[in-house]
Amino acid sequence: MSSRQLYIGLMSGTSIDGIDIALLDMTSGFPKTLDFFTQPYTCELSDKLHQLCAPQNNEVYTLGEADIEVAHAFSFAVERMLDKHSLTSKSITAIGSHGQTVRHHPGAKFPFTLQIGDANTIAVNTGIDVVADFRRKDIALGGQGAPLVPAFHQAVFAEKKSRAIINIGGIANITWLPANQNLAILGFDTGPGNRLMDAWILRHQQCAYDENGFWASTGKVSKRLLTELLSHPY
């Protein structure tokens, strides 16, 4: 077994375009990123996952099948990372797998969130311990199902002055880190991030995303629409 404490992180965001994988060295007690890449989903799997984001016929069967299919895709990403660095499963302390969110309703009558990508299958395929299901206990405790982001931001970005960290993913979120450590750290979703732009450019330009914001930069601000949006109480 390696003397280094190596971990692998796996997740896929709401864009449902692929799997983000990172190789981390935690030997010093502080995360050091050794490598990362994105493994695209196949078109077939991406289509299936998008279908699961809305009600459909035979939904439970499709969900169960996709749960295992995503797990195999995650496992393959791990194998690629290990091969790339000539590592074995014994070199890795554990895998942290967020999975693929297909439903997220923290404000429902019975709040819930659902991530697929069976951790048991990943563990069997890779021979590495897997930690998963990060969101549901936070939902049970009355949160919005994103307990790790504020803790990570605190560990990496906290200083003697107050800071706000904004993450613009498919859904955007914010973490408030007060300078006074006796005050509570706040973290929550703020609304759609890149997801709407991804959907728009796919429909009108047949592109998966607006690389470097090039297409958006050619547009002009609609003052009427901007005024209407800014008038919203939120």
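Conventions adopted
Residues numbered from 1 in each chain as written. Predicted model: local features only at pLDDT ≥ 70, side-chain atom pairs only at ≥ 80, totals over all residues. Heavy atoms only, no water. Helix = DSSP H or I, 4+ residues; strand = E, 2+ residues; numbered from the N terminus. Buried < 20%, exposed > 50% of the residue type's maximum accessible area, 1.4 Å probe, protein only. Pairing = 2+ DSSP bridges. Axes fitted to C-alpha atoms, helices over the stretch in contact; angles between N-to-C directions. Parallel < 35°, antiparallel > 145°, perpendicular 65-115°, else oblique. Left-handed = near helix turned anticlockwise from the far one by under 90°. Contact = heavy atoms within 4.5 Å. Nonpolar A, V, L, I, M, F, W, Y, C, P; charged D, E, K, R; others polar.

Draft legend 1. Structural detail: unusual backbone geometry. Look at I16: it is not a glycine, yet its phi comes out positive at around 55 degrees. Checked against the element boundaries, I16 lands in the loop between β1 (6-12) and β2 (18-25). A residue is classified by how much of its surface remains accessible, and I16, at 2% relative accessible area, is buried. The backbone of Q206 sits at a positive phi, close to 55 degrees, despite the residue not being glycine. Counting through the fold element by element, Q206 comes out in the loop between α6 (195-205) and α7 (214-217). Of the residues examined, Q206 reaches a relative accessible area of 59% and is grouped as exposed.

Draft legend 2. Inspection of the environment of V156 at higher detail. Assignment of secondary structure puts V156 in helix α5 (residues 148-157). It is 34 Å that separates the C-alpha atoms of V156 and L226, two residues lying 70 residues apart in sequence.

Draft legend 3. Representation of the pairing of strand β7 (residues 163-168) within the structure. Here 6 bridges tie β7 to strand β8 (residues 171-177), and the two strands are oriented antiparallel to one another. Within the sheet, the bridge partner assigned to I168 lies in β8 and is A172. Hairpin connection between β7 and β8: a loop of 2 residues separates the two successive antiparallel strands.

Draft legend 4. Quick look at the pairing of strand β5 (residues 112-116). In this structure, strand β4 (residues 92-105) lies alongside β5, joined through 5 bridges in antiparallel fashion. Paired with Q100 across the strands is I116, a residue of β5. Where β4 folds back on β5, the antiparallel hairpin that results is connected by 6 residues.

Draft legend 5. The arrangement of the packing of helix α1 (residues 43-52) against helix α2 (residues 59-84) in detail. Between α1 and α2, whose axes approach to 10 Å, the crossing angle comes to 135 degrees. In terms of their interaxial angle, α1 and α2 are classed as oblique. Crossing of α1 over α2 shows left-handed handedness. Residues L45, K48, L49 and L52 of α1 lie in contact with α2, whose contacting residues are E59, T62, L63, E65, A66, E69, V70 and A73. In terms of residue class, the contact of α1 with α2 is made up of 7 nonpolar, 1 polar and 4 charged.

Draft legend 6. Here's a closer look at the sheet that holds β7. Pairing within the open sheet is antiparallel, and its 3 strands lie in the order β7-β8-β9. Sheet topology places β7 and β9 (186-192) at the edges, where each strand pairs with a single neighbour. Each neighbouring strand pair of the sheet contributes to a mean axis angle of 20 degrees, computed without reference to strand direction. Relative to β8, α5 is tilted by about 50 degrees, and along the sheet it contacts β7, β8 and β9.

Draft legend 7. Region of the structure containing the packing of α2 against helix α3 (residues 119-126). Following both chains from N to C, one finds α2 and α3 inclined at 35 degrees, their axes separated by 8 Å at the closest point. Crossing of α2 over α3 shows right-handed handedness. Taken together, the residues of α3 that come into contact with α2 (itself represented by I68, A71, H72, F74, S75, V78 and E79) are T121, I122, N125 and T126. The residue makeup of the contact of α2 with α3, split by class, is 5 nonpolar, 5 polar and 1 charged.

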